[in-house]
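Spelled out, the chains give:
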Amino acid sequence: MGAPETPDVMSEEGRALLTDREREIISGEADVSDNYEYKTRSIVRNRIRKRLGDDVEFLEEYFPEVADLVVEEVCEDAESE
């Protein structure tokens, strides 16, 4: 027996940095307490601080074309600001 499907929770591609629910909470679209929003923001912040660099290094070693896409996307967005 597999896990129940939740088609509206996440797209087929999954997530990059944020889940759909995290996006709703951080944008203010979700009706959650201030504490829950703070906790969600903290989780996302820690994920970036603690895991993003490791993931990029991993991709550089094992999947370099995707590592290039990550750098391209992040740098492109930074340049347009």
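Residues numbered from 1 in each chain as written. Predicted model: local features only at pLDDT ≥ 70, side-chain atom pairs only at ≥ 80, totals over all residues. Heavy atoms only, no water.

1. Notes on the confidence of the model for the protein chain
The line we're drawing: The predictor reports its confidence for every residue as pLDDT, a score running from 0 up to 100. Put simply, DSSP marks the helices as runs of H or I at least four residues long and the strands as runs of E at least two long, and each gets a number from the N terminus on. Any two residues whose heavy atoms approach within 4.5 Å are treated as being in contact.
Summarising the model, the protein chain shows a mean pLDDT of 86, and 80% of its residues fall at 70 or more. Taken element by element, the predicted model of the protein chain shows its lowest mean pLDDT in helix α3 (residues 64–79) (88) and its highest in helix α1 (residues 20–27) (97). Confidence drops under pLDDT 50 across residues 1–7; counting only partners more than four residues distant or on other chains, this segment forms zero contacts.

2. Comments concerning a negative patch on the surface
Which entries qualify depends on this criterion: A residue counts toward a patch only above 30% relative accessible area and without a salt bridge, and it is joined to like-charged neighbours within 9 Å or, for Val, Leu, Ile, Met, Phe, Trp and Tyr, to nonpolar neighbours within 5 Å. Note that accessible areas follow from Shrake-Rupley with a 1.4 Å probe, and for residues the cover is restricted to the protein chains shown. The working definition used for a salt bridge is a side-chain nitrogen of Lys or Arg within 4 Å of a carboxyl oxygen of Asp or Glu. Counting rule applied: Lys, Arg positive; Asp, Glu negative; His and chain ends not counted. Charge placement uses NZ in Lys and CZ in Arg. For Asp and Glu, CG and CD serve respectively.
On the surface, Asp54, Asp55, Glu57, Glu60, Glu65, Asp68, Glu72, Glu73 and Glu76 cluster together into a patch of negative charge. Secondary-structure elements contributing two or more residues to the negative patch are α2 (34–62) and α3. Take the negative patch: its biggest share by element is five residues, from α3. Locating Glu57 in the fold gives a position in helix α2.

3. Some points on the pattern of salt bridges
Test applied: Per-residue accessibility, obtained with a 1.4 Å probe over protein chains only, is compared with the maximum for each type, and a residue is labelled buried under 20%, exposed over 50%, and partly exposed between these values.
Counted according to the given criterion, the structure contains three salt bridges. Among the salt bridges present, the one from Glu24 reaches Arg21, with a minimum N-O distance of 3.1 Å. Pair noted here: Glu24 and Arg21 are both in helix α1, with a separation of three residues, about one helical turn. For Arg47, the salt bridge identified is with Glu22, shortest N-O distance 2.6 Å. Within this pair, whereas Arg47 is found in helix α2, its partner Glu22 is found in helix α1, the two being separated by 25 residues in sequence. The residues Arg47 and Glu22 share a single accessibility class, namely buried.

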